[in-house]
Amino acid sequence: MKKSFKATLLVLSLILVMSFTVTGCFHFWFFQRSYSMTNCLTESITDDMDIYDIAKHYRDGGATVAVKVEAYNNSTKSDFESLGSGVCVASKGYTTSIDGYQANKGSYIVTNYHVIDYLDSNEFSKQTVNIITEDEYAYEGELLWYNKNLDVAIVYCDGVNLNYVTMKDRIVDCTKTDKLDYEPIFTIGTPLELDYINRLTVGNVASNNPMMFYTTQTIYPYTGNGGTLLYTNYPSVYNSHNSKKVLSNLYEDVVDIALGISPGNSGGGCFDKNGYLVGLSTLGGDVEETNGNQMNGMVAIYPIMKVLDKIINEKENHTNDKIFTINSLGIKGLDRNEASYASYLKKETLYSNYFLEDTIYSANYYNAFTFKGDGYYIISSSNKLSLPTGAVITACSLNNGQSQEIIDRNDLIYLLLKANEGDKLTVKYTYETDEDNVLDIVL
C-alpha cells in the first residue's frame, strides 16, 4: 500500500493553492431551485466521449461548483472571504453501503479543508458557506466533516439536488494495476474569481512517485511571565517582531500533476480519462523553491470514499456513526517526515521545537526531532491509548485482521477511517528498544 521513504520526493518548500482570500464581500441572492432529476453522471459516460466531452457533461450536469466562505474576524474587526472549488459526490437517490439506504435530498459537496477553514476557527464569527452552481445561483451550505491533515472536507447543501460523480481510489489503497501512472487527467475549478467558474484544465500525471509537500504559517507568540502564553496569526494585534515560521501541515501521498491551477482551484475535482473522481487540486509549488517550475499537487479522494456513507447516514437518519482519527485515540505524535521538516524549521522558531495542532511544545520533546525510523512517534498520550512518550507505533490491525504496517502518519489515519465503534484495535509498538510490544483497545 505504501511507498518507501527513499522513493518519496521531498519538496523543501511549497505553498497551498490557497482559496482566494480578500477583505470585503460579494453578496448573492438566494434562489431556491431543485433539479428535476438527480443522476450519477459518471454512469452515463459512453465510449465515444473524450476528456473534453466528459468535462462538459459534468459542468452542464451541475456536478462541479464553486465554494465561497464568508466570515468576520473578531480580532481585526474585518470581513474575510475565500473562494474555492468543489464537486458533488452524492445527492438524492445515491445509494449508501449502509443497509442500501438512498439519500433523500440535498447534495454532498467535497472540497479542501483549507477552503472552508474559516468555519473551523474561534477567531471568526458570522461564518457562512455557499455552494455556487454553473448558472451562478448560490445555495447555503453546512460543514459536515473535515480532516485537516488530509485537507479534505464535506459540505452539505440542502437547497438543491445536484447530479453527482463517482469516486475511485487510484492513489492510496488500490491494486498495483489500478494505481495512477503517467496518464491524462483533468480538473474543473474556479480560479481567481467567479467569472471563471468551472474552468477546465487538461494535463497529465507528471510523476508516478508520491510526493511530499509541506506548508508553513507565521505565528505571533505573545509572551508573559517568562513563557509563551498564546499565539495569533494577526500581527496588527500582537507585536510583529516576534513572528516565527512554523510547520503548518505535512502533505503525504500527494500526486504530482501537470495541470495549470491557480488560487481558487483548491478543492476542484481531478478526474482520470474515464471520468472517475480520483483527487482534489490542492497544492502549488513555490516557484522560488522550484527554480521557476510550476509544480502542482493533488490529494487523494480515498478519505471521502471511506466516510461518505457514514456522513449521509448520520445526516439523514440522525445516527452516530463515529469516524475515528488519531485524535480519537487521545494521542499526539509525528512521523519521521514531520520530524525532519520540524527540525529544519525549528531554528527559525524562538519559542519552541515543534508546533503541533496549534500547540507550541517545549524543548522537552527535542528527541522527537531525531526520530528517523518508520512508524508514528508518540509525543503525548491519554488513557484511551496509553503509550509512553517515545513509543513508536509500527503496525496496527482491526478485529484480528491483517496487520497494517505503519510507516508514516497517513498509514495510521487511513486505517482508522476503516474502523467502526466497538472494533478491536491491536497496536504494535516499540519503546526504548527494538522489542515489539502489543496493546489491544476497544474503539
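Residues numbered from 1 in each chain as written. Predicted model: local features only at pLDDT ≥ 70, side-chain atom pairs only at ≥ 80, totals over all residues. Heavy atoms only, no water.

### A few points about the overall build of the protein
A count of helical and extended segments in the protein gives 4 helices and 26 strands. Residue burial in the protein is summarised as follows: out of 443 residues, 53% are buried. Sequence separation of 24 or more characterises 69% of the internal contacts of the protein that already satisfy a separation of 6 or more. Accessible surface, the protein as shown: approximately 19400 Å² in total, 46% of it carbon and sulfur. (Helix = DSSP H or I, 4+ residues; strand = E, 2+ residues; numbered from the N terminus. Buried < 20%, exposed > 50% of the residue type's maximum accessible area, 1.4 Å probe, protein only. Contact = heavy atoms within 4.5 Å. Areas by Shrake-Rupley, 256 points an atom, 1.4 Å probe, with all protein chains shown as cover.)

### Details of empty space enclosed by the protein
It is a probe the size of a water molecule, rolled over the atoms, that shows where empty space is left. All told, the structure shown has 4 cavities of 30 Å³ or more when counted by the stated rule. Of the volumes computed, that of the largest cavity is approximately 90 Å³. Residue lining of the largest cavity: Asn149, Leu150, Tyr251, Glu252, Asp253, Val254, Val299, Ala300, Pro303, Arg409, Asn410 and Tyr414, and that is the complete set. A per-element tally of the lining of the largest cavity places strand β15 (residues 244-258) first, with 4 residues. (1 Å grid on protein atoms, 1.4 Å probe; cavity = no way out; pocket = protein on both sides within 12 Å on 5 of 7 lines; lining within 4 Å. Points joined across faces, edges and corners; volume = space filled by probe spheres on them.)

### A few points about the nonpolar core
Counting 102 residues, the largest nonpolar core has Ile304, Leu308, Ile393 and Leu425 as the members making the most contacts within it. Those residues within four positions of leucine 425 in sequence are excluded, and the remaining contacts are Leu329, Cys396, Ser397, Leu398, Leu415, Leu416, Leu439, Asp440, Ile441 and Leu443. Core analysis: the next-biggest nonpolar cluster, separate from the first, contains 18 residues, Leu334, Tyr354, Leu356 and Ile379 among them. (Core = buried A, V, L, I, M, F, W, Y, C linked by side-chain atoms within 4.5 Å.)

### A look at the packing of aromatic side chains
In this description, an aromatic ring pair is defined by two values, namely the gap between the centres and the angle between the planes. Within the structure shown, the criterion is met by 11 aromatic pairs. Look at tyrosine 118 and phenylalanine 124: their rings are 4.6 Å apart centre to centre, the planes differ by 35°, and that puts the pair in the tilted class. Across this residue pair, the class does not change: tyrosine 118 and phenylalanine 124 are buried. Relative to tyrosine 341, the ring of tyrosine 214 has its centre 4.5 Å away and its plane inclined at 40°; by these criteria the two rings are tilted. Of this pair, tyrosine 214 sits in strand β12 (residues 211-219) while tyrosine 341 sits in helix α3 (residues 336-346); the two residues are 127 residues apart in sequence, bridging distant segments of the chain. You can call tyrosine 214 buried: its relative accessible area is 3%. What links up through ring pairs into an aromatic cluster is the set Tyr58, Phe186 and Phe271. (Phe/Tyr/Trp six-rings, centres within 6.5 Å; stacked < 30°, edge-to-face > 60°.)

### What about the environment of isoleucine 326?
For isoleucine 326, the location among the structural elements is in the loop between α2 (302-317) and β19 (331-334). Owing to a relative accessible area of 7%, isoleucine 326 belongs among the buried residues under this scheme. Taking the C-alpha atoms as reference, isoleucine 326 lies 7.4 Å from leucine 412; in sequence the two are 86 residues apart. Apart from residues no more than four positions distant in its own chain, isoleucine 326 is found in contact with Ile331, Tyr376, Arg409, Leu412, Ile413 and Leu416.

### Side note on the pairing of strand β16 (residues 269-272)
Of the two faces of β16, the one lined by Gly269 and Phe271 and the one lined by Cys270 and Asp272 are each fully buried. Both strand β10 (residues 184-189) and β16 contribute to a ladder of 4 bridges, which runs antiparallel. Opposite phenylalanine 186, over in β16, you have phenylalanine 271 as the bridge partner. (Pairing = 2+ DSSP bridges.)

### Examining the side chain of glutamate 338
The topology assignment puts glutamate 338 in helix α3. For glutamate 338, a relative accessible area of 5% puts it in the buried group. Here glutamate 338 is in contact with Leu247, Leu250, Gly333, Tyr354 and Arg409, once residues within four sequence places are set aside.

### Concerning the pairing of strand β22 (residues 376-381)
For β19 and β22, the ladder comprises 4 bridges, and the chain directions are antiparallel. Paired with isoleucine 331 across the strands is serine 381, a residue of β22.

### Focus on a negative patch on the surface
Among the surface-exposed residues, Asp47, Asp48, Asp50 and Asp53 lie close enough to one another that they form a single negatively charged patch. As for its position among the elements, aspartate 50 is in the loop between β3 (20-23) and α1 (51-60). Residue class for aspartate 50 comes out partly exposed when judged on its relative accessible area of 38%. (Patch = residues over 30% accessible without salt bridge, like charges linked within 9 Å, V, L, I, M, F, W, Y side chains within 5 Å. Salt bridge = Lys/Arg side-chain N within 4 Å of Asp/Glu carboxyl O. Lys, Arg positive; Asp, Glu negative; His and termini not counted. Charge placed at Lys NZ, Arg CZ, Asp CG, Glu CD.)

### Brief notes about the confidence of the model for the protein
Residues at a pLDDT of 70 or more form 82% of the protein, whose mean pLDDT is 84. Contacts for the low-pLDDT stretch residues 1-36, under 50 throughout, to residues beyond four places or in other chains number 133 contacts. (pLDDT = per-residue confidence, 0-100.)

### Section: α2
The terminal C-alpha atoms of α2 lie 24 Å apart, and with 16 residues this matches the ideal 22 Å at 1.5 Å per residue to within 8%. Contact partners of the buried residues in α2: β5 (78-91), β6 (107-111), β8 (138-147), β9 (152-157), β18 (296-300) and α4 (409-417). (Expected span 1.5 Å × (residues − 1).)

### Observations regarding the environment of glutamate 134
Structurally, the position occupied by glutamate 134 is in the loop between β7 (124-132) and β8. Under the relative-accessibility criterion, glutamate 134 is labelled partly exposed at 31%. C-alpha separation for the pair glutamate 134 and tyrosine 196, spaced 62 residues apart in sequence, amounts to 10.0 Å. Each residue touching glutamate 134, except ones within four places of it in the same chain, is listed here: Arg59, Ile197 and Asn198. There is a polar contact of 2.6 Å between the side chain of glutamate 134 and the side chain of asparagine 198. (Polar contact = N/O pair within 3.5 Å; in protein donor to acceptor, adjacent residues only side chain to side chain.)

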